[in-house]
Amino acid sequence: AQSVTQPDIHITVSEGASLELRCNYSYGATPYLFWYVQSPGQGLQLLLKYFSGDTLVQGIKGFEAEFKRSQSSFNLRKPSVHWSDAAEYFCAVGAQNQGGKLIFGQGTELSVKP
Amino acid sequence: GAVVSQHPSWVICKSGTSVKIECRSLDFQATTMFWYRQFPKQSLMLMATSNEGSKATYEQGVEKDKFLINHASLTLSTLTVTSAHPEDSSFYICSARGSQGSFYEQYFGPGTRLTVT
């Protein structure tokens, strides 16, 4: 069965430091991959997506992610974190042959130290 | 573009009553809508998928008689929690997919916080 794993439940980084959030997926074919961000009490906002083509994807708010097929990974990065980036981050993959469902990872909570 | 709204944003109801949550696509036609439930500090759990004009498809373990989903138009889906109990308290999020764009691309609403007392 398809799955998405976000190994880090909680990460704390200092403001201005770089960030990498990990995401691993299990999927046979080329996956449709997404990163979403959720602020407390809010819905999900799409940061970026990968469907095909260039494996380095640029998103909003200065985020990028790199698709690495050999590692089944789609890690999210940001070179310099801002205090406003503190939120919950979810990686998701489109479930094959299931009507367009998304399979979400467990989420990574990002805290930013001043 | 691709804005999804939910109403209400939060609701408190008494045990045994029913509550309806609306999900609207404001600037596109949503051929499919998804309803999720999220517990604190947890991921989203898909409850059901609804296609306009069709009966909703519920995920395993979700009581279809308790969580009634109606997708009567291309811009509106509703989730009714019937005979609510405190264990139904949760954050409910809807998402919508249009006929344009990727088959997997969903646009999420802001969520509805339900508290059953």
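Residues numbered from 1 in each chain as written. Chains lettered and ligands numbered in written order. Predicted model: local features only at pLDDT ≥ 70, side-chain atom pairs only at ≥ 80, totals over all residues. Heavy atoms only, no water.

## Looking at the overall build of chain B
Summing up its helical and strand segments, chain B has 0 helices and 11 strands in all. In sequence order, chain B lays out its α and β elements as β-β-β-β-β-β-β-β-β-β-β. Here the C-alpha radius of gyration of chain B, 13 Å, is about what a compact globule of 117 residues would show, namely 13 Å. In terms of overall dimensions, chain B has a C-alpha envelope of 40 × 25 × 25 Å along the principal axes. Going through the 117 residues of chain B one by one, you find that 50% of them count as buried. (Helix = DSSP H or I, 4+ residues; strand = E, 2+ residues; numbered from the N terminus. Rg over C-alpha atoms; globule rule 2.2 N^0.38 Å. Buried < 20%, exposed > 50% of the residue type's maximum accessible area, 1.4 Å probe, protein only.)

## What about the pattern of salt bridges?
For the structure on display, the rule yields 9 salt bridges over all chains. One salt bridge connects A:Arg22 with A:Asp8, and the closest N-O pair in it is separated by 2.9 Å. Of the two residues, A:Arg22 sits in the loop between strand E3 (19-21) and strand E4 (24-26) while A:Asp8 sits in the loop between strand E1 (3-5) and strand E2 (10-14), which places them 14 residues apart along the sequence. The partly exposed category is assigned to A:Arg22, whose relative accessible area is 37%. You can call A:Asp8 buried: its relative accessible area is 18%. For A:Glu109, the salt bridge identified is with B:Lys41, shortest N-O distance 3.3 Å. Remark: B:Lys41 occurs in the loop between strand E4 (30-38) and strand E5 (44-51) and A:Glu109 occurs in strand E12 (residues 108-113); the pair is interchain, linking two chains. The class of A:Glu109 is partly exposed, set by a relative accessible area of 24%. Taken together, the shared-partner salt bridges connect A:Glu64, A:Glu66 and A:Arg77 into one network. (Salt bridge = Lys/Arg side-chain N within 4 Å of Asp/Glu carboxyl O.)

## Digging into the sheet that holds strand E3 (residues 19-25) of chain B
Sheet strands pair via backbone hydrogen bonds, and the direction of the pair is either parallel or antiparallel. Residues and elements named next belong to chain B. Strands sit in the order E1-E3-E8-E7 across an open sheet of 4 strands; the sheet is antiparallel. In the strand order of this sheet, the two ends are held by strand E1 (4-7) and strand E7 (67-73), each with one partner. Taking the axes of each pair of neighbouring strands and ignoring which way they run, one obtains an average angle of 15° across the sheet. (Pairing = 2+ DSSP bridges. Axes fitted to C-alpha atoms, helices over the stretch in contact; angles between N-to-C directions.)

## Some details on the interface of chain B and chain A
In this assembly, 21 residues from chain B lie in contact with 24 residues from chain A. Interface of chain B and chain A: buried area, both sides summed, is about 1700 Å²; carbon and sulfur atoms make up 57% of it. Three residues, B:Tyr104, B:Glu105 and B:Phe108, lead the burial of chain B against chain A; their summed loss comes to 36% of the area buried on that side. Inspection of the chain B/chain A interface yields 3 salt bridges. Among the salt bridges present, the one from A:Lys101 reaches B:Glu59, with a minimum N-O distance of 2.7 Å. (Contact = heavy atoms within 4.5 Å. Buried area = accessible area lost by both parts, 1.4 Å probe.)

## Let's talk about the state of the cysteines
Between two cysteines, a covalent bond joining their sulfur atoms is known as a disulfide. All names here are of chain B. This model, assessed by the stated rule, comprises 2 disulfides over all chains. A sulfur-sulfur distance of 2.0 Å marks the disulfide that ties cysteine 23 to cysteine 94. For the disulfide bridge between cysteine 23 and cysteine 94, the dihedral angle about the S-S bond is near 80°, and by the sign convention the bridge is right-handed. Of this pair, cysteine 23 sits in strand E3 while cysteine 94 sits in strand E9 (residues 90-98), placing them 71 residues apart in sequence. (Disulfide = S-S within 2.5 Å.)

## A few points about the packing of aromatic side chains
Here a ring pair, both rings aromatic, is described through the centre-centre distance and the interplanar angle of the planes. Tallied over the full model, the rule gives 16 aromatic pairs over all chains. Aromatic pair A:Tyr25 and A:Phe67: ring centres 6.1 Å apart, planes at 25°, arrangement stacked. Residue A:Tyr25 is located in strand E4, and its partner A:Phe67 is located in strand E8 (residues 64-68); the two are separated by 42 residues in the primary sequence. The exposure class assigned to A:Phe67 is buried, which follows from its relative accessible area of 4%. Of the aromatic side chains, those joined through ring pairs into one cluster are A:Tyr32, A:Phe34, A:Tyr36, A:Phe51, A:Phe90, A:Phe104, B:Tyr36, B:Tyr104 and B:Phe108. (Phe/Tyr/Trp six-rings, centres within 6.5 Å; stacked < 30°, edge-to-face > 60°.)

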